[in-house]
Structure formats: structure tokens, C-alpha cells
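# Notes for the structure review
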Amino acid sequence: MPDRRLSWLLAANAVGNLADGIGKVAFPLLAATLTRDPVQIGALSATQFLPWLLFGVFAGTLADRVDRKRAVLLANVTRAVVVGLTALLVHTGSLSIWLVYVAALLLGAAETVAESAGNAMIPALARPDQLESANSKFQAAEILGQTFLGGPVGSLTFAVFAAFPFLLNSAGFAIAAALLVGLAGSYRPKAPAEPTRLRTDLVDGFKWLGHHALLCRLVIIAGLISFASELAQAQLVLYALEDLGLSEAAFGLFTFVGGIGGLIGAAVAPRLVRRAGRRPVLVAGIFTGGVGFGAMGLVHQPVASAALFGLFAAAVVAVNVVLATARHTLVPGELLGRVLGVWRTVVWGAIPLGALAGGALTHVLGSASATFAVSGGAQIVLAALAALMLWRFSMDHEPVSSS
């Protein structure tokens, strides 16, 4: 039977993702009321993920030295405070685009700790044969919270009054922190025989990943996917508001369809992996996501575009399930935080670079639709590259590392 503690962690993760989803729609909408400059809109997404480039490895190393549950709890409390102060500034009309960037940067820094420590807890609560299913559930919770529910709630409440979604966002992070209090047990990783220095631990994460041929290739592929997809994703609010002519409230419904696609992807990914294997699902998912974004660049009909966005979401969730399970299966438990830190520094650190490049691309090409077409084409090329890089590896039969 599954460990009941996994349900507590899943519940806290689900509420945190709902809060995150509300904020990820509300922040771009707030920025769009302050500026319609595509470079400044792209800079908001870049700022949110910049901490992964700056602190990702440190956060992962920290997750291997402290109680992981406490780290996630404190990170959620920090996020609740930051978003609560943002709500106050919005309500008083004291917010500028630069203060929006500061709030996004602080939230991103807290997220590096929450994501690194929280993800590293999963193998402690799920058996190896349950990891595919557990990762699918966490992916489903992320999609359900961030797009299926968070998107519509964020946009609709923003339309009521601008501070409303930020108040809900703050409350969500506070509830997620409270749920973690009910998670029994200690989650401090196994200490080494002799105390090590922080610098040594940082280097160990890089060395271990660099010497693992399969994971090294996977992190490169994942980083390229992040860059290519973020070219377009950072411009999604402009694509919806300007190219499709949607209202602010309708923007949330547009992302709602992406949530449906993500849930479908989370539901079918384990079955696809069992039937076809991890490598084919990974390559097909990258290709399908590229088709979805590429077609969005050519279609300017809201319903068709929303369906294509759902196709992209389903594909990217299937890709994420495969990648997450590979990490949990192959990385020793005592090194998981550090390797995740390196992984997310590369993968999530590519997001701000892609966001800035996407803003510049939209500025040069004249529309967000053109940027979606470029992003889709790049992802299709990456699918072919991934097939070439992984053809020698059997991702379904790699030996499980000891923990």
C-alpha cells in the first residue's frame, strides 16, 4: 500500500500549486496593466526563474543537509508573506513594474528551496515500482492547480479587483505550510560518515551528474526544451490578449484548456511508458509539444488555439513524468538534492534566457504568433536531436542506484 505520508505531501503540493497557478496568471496580467512592451513582459518570466540560475545548485545542496520537510514549510511561509505584501501594494496603487520584478525574484528564490526539497522527499515515501505513478500524481496536481484551477481563478478574481488573486495566493501558500505540519517523520538525508564542507557537497553534485552518461544527456535535452518552449510561453499573455483578442477573464479560461491537456498527459503517461518504454514516450512528447506550439503560431482562432495549447500541455507533462522518474530511479537518495539542484539550475535556468529571447523575438517579428511558430519548429528539431543522443541507452533497464 502507498505510504499515507505521500498523501500529506501530495495535498500540500496540490494547494501550493493552486496558489502558484493563481499567481502565474495574476502576475502577467498585472504586468500587462503596467506595460505592453514584449521585452518587459518577457523580463517578468525571466525574473521569476532567474533564482534557479543563481541559487538552484545551492538550494539543492541545502536539501541534502537539512530536514527537507522544514525547508519546504519555511519556503511556503516566505512565499505567503511576499505575496501578501504584493496584495497590499496593489490595493494601495503603489506598485510599479520594478516592484513586480522584485516580488517575482523573491518568490522564485523561495521556490528553489521548496521545489528542490519537496521533490527530493518523494523517493522516501514511494517504492521504486510506485515512482511512475507517484510522479504522475504530482504532475497532475501541478497541472490541476497551476492551470486547470489556478488560471481561471487568477484571471476571474483579477477582473473583480486586482489585489484579490494575490490575497488568495498568499492564503494558499499559508495552507500548504500548515498541511506540512501534519506530515509525520524526519526527512533529513543520511549524514556522511565524516562531516563535509558545503563547497565539497556542491562539487559532488556536478561530478556525479557529469559522470552519469544517461542523466547528463537528459539534463542537456531538458535544458534545450525549456529554452525553446519558453520562447513562446513567456509571450502567452500577449498572444491571448492581442493576437486572439481575448479579455483578461477569458485568458484564464484559455489556460484552463491547457490544464485539461495536462491532466490527460499525467493520466496516460504511465500507461504509455509501460507499453512503449520511456525513451519513445520522451521523444514523441517533445515532438508533439512542438507540433502544438508551431500550429498555435499559424492558427488565430481561440478554440483551436486553446485545443493546441492543451495538446502541448499533455505532451510536456508526459515528458516531465519520464524525466522525473529517471532522476528518482538513478540518483542515490543522499545525493538527490544536489543533483536536482544542478539539474534545475540548467533546466529552469534556461527559462529566463528563453523568456528574454522570446520577448526580443516577438519585438523583431512583430507578433507573439510568429514566436510560437519558431518555438514549435525548434522543439520538433529537438525531438530528432533527443532521439540521436539517446539511441544507445535503454532508459527502462538502467540499474537502480543505491540510497
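The structure presented is a predicted model; accordingly, all values stated were derived computationally and were not measured.

### Side note on the pattern of salt bridges
Evaluated as defined, the whole model comprises 2 salt bridges. A salt bridge links Lys24 to Asp20, with the nearest nitrogen and oxygen atoms 3.5 Å apart. Taken together, the residues span about one helical turn, with Lys24 and Asp20 both in helix 1 (residues 4–34) at a distance of 4 residues. You can call Lys24 partly exposed: its relative accessible area is 29%. Of the charged contacts, one joins Glu242 and Arg36 as a salt bridge, the two residues approaching to 3.7 Å between their closest N and O atoms. Pair noted here: Glu242 is in helix 9 (residues 236–243) and Arg36 is in the loop between helix 1 and helix 2 (38–63), with a separation of 206 residues, a long-range link.

### Side note on the side chain of Lys69
Inspection of the secondary structure assignment puts Lys69 in helix 3 (residues 68–92). Buried and without a salt bridge, Lys69 has Asp67 as its closest oppositely charged side chain, separated by 6.0 Å. A polar side-chain atom of Lys69 sits 2.8 Å from the main-chain carbonyl oxygen of Leu183. In this structure, Lys69 is in contact with Met121, Leu180, Val181, Leu183, Gly185 and Tyr187, ignoring residues within four places of it in sequence.

### Examining empty space enclosed by the protein
This model, assessed by the stated rule, comprises 3 cavities of 30 Å³ or more. As a volume, the second largest cavity reaches approximately 150 Å³. The wall of the second largest cavity is formed by 14 residues, among which Asp20, Lys24, Gln48, Leu107 and Glu111 lie closest to the centre. At the level of secondary structure, the elements contributing two or more residues to the lining of the second largest cavity comprise helix 1, helix 2, helix 3, helix 4 (97–125) and helix 6 (164–181).

### Here's the deal with the packing of helix 10 (residues 248–276) against helix 12 (residues 302–330)
Closest axis-to-axis distance for the helix 10/helix 12 pair is 6 Å, and the angle between their directions is 35°. Crossing hand, helix 10 versus helix 12: right-handed. Only Pro302, Ser305, Ala306, Ala307, Phe309, Gly310, Ala313, Ala314, Val317, Ala318, Val321 and Val322 of helix 12 make contact with helix 10, whose side of the interface consists of Phe254, Thr255, Val257, Gly258, Gly261, Gly262, Gly265, Ala266, Ala269 and Val273. Residue composition of the contact of helix 10 with helix 12, grouped by class: 15 nonpolar, 7 polar and no charged.

### Let's talk about the environment of Arg338
Turning to its location among the elements, Arg338 is positioned in helix 13 (residues 336–347). Looking at Arg338, the relative accessible area reads 9%, which means it is buried. Separated by 80 residues in sequence, Arg338 and Gly258 have C-alpha atoms that sit 31 Å apart.

### Focus on the confidence of the model for the protein
Confidence along the protein averages 85 in pLDDT terms, with 94% of residues attaining 70 or more. Looking at the elements of the protein, mean pLDDT is at its lowest for helix 7 (residues 198–211), recorded as 73, and at its highest for helix 15 (residues 368–390), recorded as 96. Within the model, pLDDT remains below 50 along residues 398–403, and this stretch shows 18 contacts once partners closer than five positions in the same chain are excluded.

What counts, and where the lines are drawn
- Residues numbered from 1 in each chain as written.
- Predicted model: local features only at pLDDT ≥ 70, side-chain atom pairs only at ≥ 80, totals over all residues.
- Heavy atoms only, no water.
- Salt bridge = Lys/Arg side-chain N within 4 Å of Asp/Glu carboxyl O.
- Helix = DSSP H or I, 4+ residues; strand = E, 2+ residues; numbered from the N terminus.
- Buried < 20%, exposed > 50% of the residue type's maximum accessible area, 1.4 Å probe, protein only.
- Lys, Arg positive; Asp, Glu negative; His and termini not counted.
- Polar contact = N/O pair within 3.5 Å; in protein donor to acceptor, adjacent residues only side chain to side chain.
- Contact = heavy atoms within 4.5 Å.
- 1 Å grid on protein atoms, 1.4 Å probe; cavity = no way out; pocket = protein on both sides within 12 Å on 5 of 7 lines; lining within 4 Å.
- Points joined across faces, edges and corners; volume = space filled by probe spheres on them.
- Axes fitted to C-alpha atoms, helices over the stretch in contact; angles between N-to-C directions.
- Left-handed = near helix turned anticlockwise from the far one by under 90°.
- Nonpolar A, V, L, I, M, F, W, Y, C, P; charged D, E, K, R; others polar.
- pLDDT = per-residue confidence, 0-100.

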